[in-house]
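Listed here are the chains, written in short residue letters.
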Amino acid sequence: MFYAIVGEDRPGSLDARLQARPAHVGRLEALQEEGRLLLAGPFPAIDSPDPGPAGFSGSLIVAEFASLEAARSWADADPYVSAGIYAHVAVKPFKKVLPA
């Protein structure tokens, strides 16, 4: 089943986010190589694809996991969590309807 992982950034965490990004993206690439990643990306803090110093307000990952517990465990091990970038992470079951 798919699960949506929504991380909310702490204010002022852009520098830490940029430092942890290679490890974070590496984990996403591993999911993609396994055919389990539906989509992933950040939420710009302003209405721009390149928010510059405004940074990001969080991230969305939708990926396939064996269970809610497995999705939560994967999310808890994210480098953005260990670096203190995310203030809060929500993990919810996700049912893909469209595109079919």
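Residues numbered from 1 in each chain as written. Predicted model: local features only at pLDDT ≥ 70, side-chain atom pairs only at ≥ 80, totals over all residues. Heavy atoms only, no water.

Below, the discussion takes up the pattern of salt bridges. Considering all chains together, one arrives at three salt bridges under this definition. Salt-bridge contacts for D78 lead to R27; the nearest nitrogen and oxygen are separated by 3.4 Å. Separated by 51 residues along the polypeptide, D78 in the loop between α2 (68-76) and α3 (79-82) and R27 in helix α1 (residues 14-33) bring together distant segments of the chain. In this structure, D78 and R27 share a single accessibility class: buried. A salt bridge links E34 to R36; the nearest nitrogen and oxygen atoms lie 2.5 Å apart. The partly exposed category is assigned to E34, whose relative accessible area is 48%. Judged by relative accessible area, which is 25%, R36 ranks as partly exposed. (Salt bridge = Lys/Arg side-chain N within 4 Å of Asp/Glu carboxyl O. Helix = DSSP H or I, 4+ residues; strand = E, 2+ residues; numbered from the N terminus. Buried < 20%, exposed > 50% of the residue type's maximum accessible area, 1.4 Å probe, protein only.)

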